[in-house]
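Okay, here's what each chain looks like letter by letter:
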Amino acid sequence: MNASFAAVSEIAAALPEDQRSRLAVYCYRRSHLRRLGLKIATVCSKRSLIEEAGHAGELIHFQAQNVEGPVAGDRYMAPRHIKRPVSLHNC
């Protein structure tokens with residue numbers, strides 16, 4: 001997996017700064033691509049991420065600097081709620 005992230009960083013570094021930050025924000029906003037978005041954000045400037053996503057860009061930049069912490073404890077990665085089983089017992 002780290003080899004894949006290294007390849008992504010290399011490819012992203014070849015993109016112009018505005019496209020790179022746009023791609024980082026796009027990936028970050030999709031839960032299944034969040035870790036990839038953070039990896040791309042590590043090669044983006046804070047300024048470009050803020051220009052692309054405002055306050056969210058600042059948050060992405062901060063999380064990208066500490067990538068292991070926020071993703072592991074990200075509440076959006078956890079199940080939203082536990083579904084109770086459906087029962088027709090009282091019908």
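Everything quoted here is computed from the prediction, not taken from an experiment.

Overview of the overall build of the chain
Here is step 1: A tally of helices and strands in the chain yields six helices and zero strands.
Here is step 2: Secondary structure of the chain in N-to-C order comes out as α-α-α-α-α-α.
Here is step 3: Put simply, the chain has 91 residues, and 27% of those count as buried.
Here is step 4: Long-range pairs, those at least 24 residues apart, make up 51% of the contacts in the chain between residues at least 6 apart in sequence.
Here is step 5: Accessible surface, the chain as shown: approximately 6,600 Å² in total, 57% of it carbon and sulfur.

A few points about the nonpolar core
Here is step 1: Within the largest apolar cluster, 13 residues are counted, with the highest numbers of intra-cluster contacts made by Ala24, Ile40, Ala41, Leu49 and Ile60.
Here is step 2: Those elements that place two or more of their residues in this core are helix H2 (17–28), helix H3 (34–41), helix H4 (46–53) and helix H5 (55–65).
Here is step 3: With four residues, the top contributor of residues to this core is H2.
Here is step 4: Setting aside chain neighbours within four positions, we find Ile60 in contact with Val25, Tyr28, Leu38, Ala41 and Leu49.

The rules we used
- Residues numbered from 1 in each chain as written.
- Predicted model: local features only at pLDDT ≥ 70, side-chain atom pairs only at ≥ 80, totals over all residues.
- Heavy atoms only, no water.
- Helix = DSSP H or I, 4+ residues; strand = E, 2+ residues; numbered from the N terminus.
- Buried < 20%, exposed > 50% of the residue type's maximum accessible area, 1.4 Å probe, protein only.
- Contact = heavy atoms within 4.5 Å.
- Areas by Shrake-Rupley, 256 points an atom, 1.4 Å probe, with all protein chains shown as cover.
- Core = buried A, V, L, I, M, F, W, Y, C linked by side-chain atoms within 4.5 Å.

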